[in-house]
Amino acid sequence: MDINELKSHALNIRRNIVQMVYDAQSGHPGGSLGAADILTYLYFEEMNVNRDNVASTNRDRFVLSKGHCSPALYAVLHEAGLLDEDLKTFRQINSKLQGHPNMNYVDGVDMSTGSLGQGISCGVGMAIANKLDNSDNRVYVLCGDGESEEGIVWEALMAACHYKLDNMCIIFDQNGLQIDGDVQEVIGPLPLKEKAAAFGAAVVECNGNDFEELDKAFKAARENKGVPTVIIAHTVKGKGVSYMENNYAWHGAAPKEEDYKIAMEDLKEVR
Amino acid sequence: MAQETRNAYGEKLAELIQKDKNIVVLDADLTKSTKTIEAKKVCPERHFNAGIAECNMMGMAAGLAASGKTVFASSFAIFASGRAFEIIRNSICYPHLNVKVCATHAGLSVGEDGASHQSVEDVAIMRAVPNMQVYVPCDQYEAKAVIEHVAKVEGPCYVRLGRGKVEDVYNEETKFDFSKVDVLRKGNGDVVLFAMGLMVQEALKAAEELDATVVNVSSLKPLDEKGIEELLRTHKRAYACEEHSVIGGLFSAIADVKAKTDITTRITPIGINDTFGESGKSKDVLQKYGLTAEHILEVVNG
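Reading the values: the criteria
Sequence positions are assigned chain by chain, starting from 1 and proceeding in written order. All chains are assigned letters beginning with A, and all ligands numbers beginning with 1, in the order in which they are written. Selection of residues for local features in this predicted model requires a pLDDT of at least 70, selection of side-chain atom pairs for listing and counting requires 80 or more, and totals for whole chains, interfaces and linings are taken over all residues. Under the scheme used here, helices are H or I runs from DSSP no shorter than 4 residues and strands are E runs no shorter than 2 residues, and both carry numbers assigned from the N terminus. A radius of gyration in this sense is built from C-alpha atoms; the matching globule rule multiplies 2.2 Å by the number of residues raised to 0.38. Put plainly, a residue is buried at 20 or more neighbouring C-beta atoms within 10 Å of its own, exposed at 12 or fewer, and partly exposed in between, counting only other residues' C-beta atoms, which are placed from the backbone. By the convention adopted here, residues are in contact when the distance between their C-beta atoms, placed from the backbone, does not exceed 7 Å. To get an axis, fit a line to the C-alpha atoms, keeping to the stretch in contact for a helix; angles then go from 0 to 180 degrees between the N-to-C directions. Throughout, the term roughly parallel applies to angles under 35 degrees, roughly antiparallel to angles over 145, roughly perpendicular to angles from 65 to 115, and oblique to all others. Amino acid classes used here: Ala, Val, Leu, Ile, Met, Phe, Trp, Tyr, Cys and Pro are nonpolar; Asp, Glu, Lys and Arg are charged; the rest, including Gly, are polar. To form a nonpolar core, buried Ala, Val, Leu, Ile, Met, Phe, Trp, Tyr and Cys residues must be joined through C-beta atoms within 7 Å. The domain limits used here are those given by an automatic or database domain assignment. Should the near helix be turned anticlockwise from the far one by less than a right angle, the crossing is termed left-handed; should it be turned clockwise, right-handed.

The next point concerns the overall build of chain A. From N to C terminus, chain A includes nine helices and seven strands. At 17 Å, chain A has a C-alpha radius of gyration in line with the 18 Å of a compact globule built from 271 residues. The principal-axis extent of the C-alpha atoms belonging to chain A is close to 50 × 45 × 35 Å. Expressed as a percentage of the 271 residues in chain A, the buried residues total 54%. Contacts in chain A between residues far apart in sequence, at least 24 positions, make up 74% of those at least 6 positions apart.

Printed below as a string of structure tokens:
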């Protein structure tokens, strides 16, 4: 693992996230920026996905259950050379880059998502399919902490534990914020660690914006046998753009010209 | 002979799962009721119980299908089309995944369990979703043929099955063509009775006295619009008989066909009049809500 290389990829991804949402004047920059390091790690270190196998299902799969963070997914696919569509078309008419991802338009999108909670269930189905096919391929699902308020998340975790899906890794992107504010003030989904453990999952906590910690967490997940792994990745919503960090107002708002300039200045170089 | 369409489903599924290694079956704690237990008996390794969690079951079905599996997912019609609706819509139909939602215990004929378990609107809900195909077989032979058919067609399908025994309309030798409505009886050109599900048998009984044409519409979507148009043109009065709400089911489907043409034939609904059902013996409930041959005769004879 070359941390500087990963940081450089993550920086490009963040710049593209801001660029896409700015160009479209629509989209979800906060969560996308916060999750950028997790996606960078998955696509550049963890998953066996490449240009040759991207159109196939016989590889590791990634489900972006928090589908509104599609800018992060498109940007990482672009950075990894797996995306043909121009990022400038994001959220525009006739584009493959839908506001929430469509698996039939983009080879690297492994599940159509957008309605929160459903991606974890879909990941359970994929992990069962891998078991049936005696495949070593793994399934990764990224879920928001706000998203965990959906009941289906826990139905899915129950099933993942019951069917001993150790080929599955559910990453809770815990940035502590949702559209209406602090997750604990809105309805209080935390603590996720104790809840996931009570369902029977192996739980690892890490800083989701730190590649060394992500590396340890994902390596530990591979050692867990007979249980799925839940990685609680603590992230900073809006990470990398000064005025967006930890500010829920940037959950689903697009930067204006002045904001855009500041953001690109913030993201000028690896820090 | 009389048989339950859910039994026919269980038998056919047990046959298909052995022949086709790609089939996976999901259920939500109702394996004995939906009859997916028959598939589990012969192939336990490809039968998964989601527990009482229909939403997660449909999501699992989507994930399995996204990995190339042909998935049969079963629950009662009310929970499949109601509780799990939005997962079917967003995770199965939007990505056009190969999931066959086979829903049993549809309609008022569920009987004693009452309104909470009697789906009167499932066909309306499922018809409205893009990419979804909707089938309502009327007897055991047609149910088996529908299951074979949906196993072959690509993409999401909804199959509506019943709890109670229904008389045979077809037989072992029948060749089914789901691209066309099936004219079971030709009448004198005055009355045509369109029917789906267990109302096909009731329409056939009523037709003897009326000398009416009886048409089984088992594929609600795709719908044989041409066939329906032709039948509307060649009859003076049309009736849509269904164990379903008069909103969004067979009546609505046929009325839609008519509305797009210059046809003036009057179409009258004989179905559940925008109301919930209630507990009772199946035949008592069906009688109270007008889902019988006698009621068809009353309506037609005015």
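A count of helices and strands for chain B gives 13 helices and 14 strands. Taking 2.2 N^0.38 as the reference for a compact globule, 302 residues should give roughly 19 Å; the C-alpha atoms of chain B span a radius of gyration of 18 Å, in line with that estimate. Expressed as lengths along the three principal axes of its C-alpha atoms, the size of chain B is roughly 55 × 40 × 35 Å. Residue pairs in contact within chain B that sit at least 24 positions apart in sequence constitute 76% of those at least 6 positions apart.

Before going further, it helps to examine the packing of helix H10 (residues 225–233) of chain B against helix H11 (residues 250–259) of chain B. Residue and element names in this part refer to chain B. At their nearest, the axes of H10 and H11 sit 10 Å apart, and the two run at 75° to each other. The angle between H10 and H11 falls in the class roughly perpendicular. Between H10 and H11, the residues in contact are Glu225, Ile228, Glu229 and Leu232 and Ile254, Val257 and Lys258, respectively. Of the residues contributing to the contact of H10 with H11, the split by class is four nonpolar, no polar and three charged.

A word on the interface of chain B and chain A. Taken together, the contact pairs 24 residues of chain B with 23 residues of chain A. Residue assignment for the side of chain B that touches chain A shows that the elements contributing at least two residues are helix H4 (54–66) and helix H6 (85–93) of chain B. Counting residues per element, the side of chain B that touches chain A draws most heavily on H4 of chain B, which supplies nine residues. Broken down by class, the residue content of the side of chain B that touches chain A amounts to 12 nonpolar, nine polar and three charged.

Counting residues in hydrophobic clusters, the biggest one holds 189 residues, and the most contacted among them are Ile171 of chain A together with Ala61, Leu193, Phe194 and Ala203 of chain B. Considering each element in turn, this core owes the most residues, nine residues, to H4 of chain B. Each of two domains, domain 1 (2–167) and domain 2 (182–297) of chain B, supplies a minimum of three residues to this core. Sequence-distant contacts of alanine 203 of chain B, defined by excluding residues within four places in its chain, comprise Leu193, Ala195, Val214, Cys241 and Ile296 of chain B.

This next bit is on the packing of helix H2 (residues 29–46) of chain A against helix H8 (residues 211–223) of chain A. How two helices pack is summed up by the angle between their axes together with the distance between the axes. Residues and elements named next belong to chain A. Orientation of H2 relative to H8, taken along the N-to-C sense of each, is 60°, at an axis distance of 10 Å. Judged on the interaxial angle alone, H8 and H2 are oblique. Crossing handedness for the pair H2 and H8: right-handed. For the pair H2 and H8, the contacting residues are Asp37, Ile38, Tyr41, Glu45 and Glu46 in the first and Phe211, Leu214, Asp215 and Phe218 in the second. Looking at side-chain class alone, the contact of H2 with H8 contains five nonpolar, no polar and four charged residues.

What follows concerns the environment of cysteine 43 of chain B. Residues and elements named next belong to chain B. Mapped onto the elements of the fold, cysteine 43 is located in the loop between helix H3 (37–42) and strand E3 (47–49). Here cysteine 43 falls in the partly exposed class, since 18 other C-beta atoms lie within 10 Å of it. Along the backbone, cysteine 43 and valine 25 are 18 residues apart, and their C-alpha atoms lie at a distance of 9.5 Å. Cysteine 43 has contacts with Ile17 and Gln18, leaving out every residue within four places of it along the chain.

That's the geometry; what it means functionally is another story.
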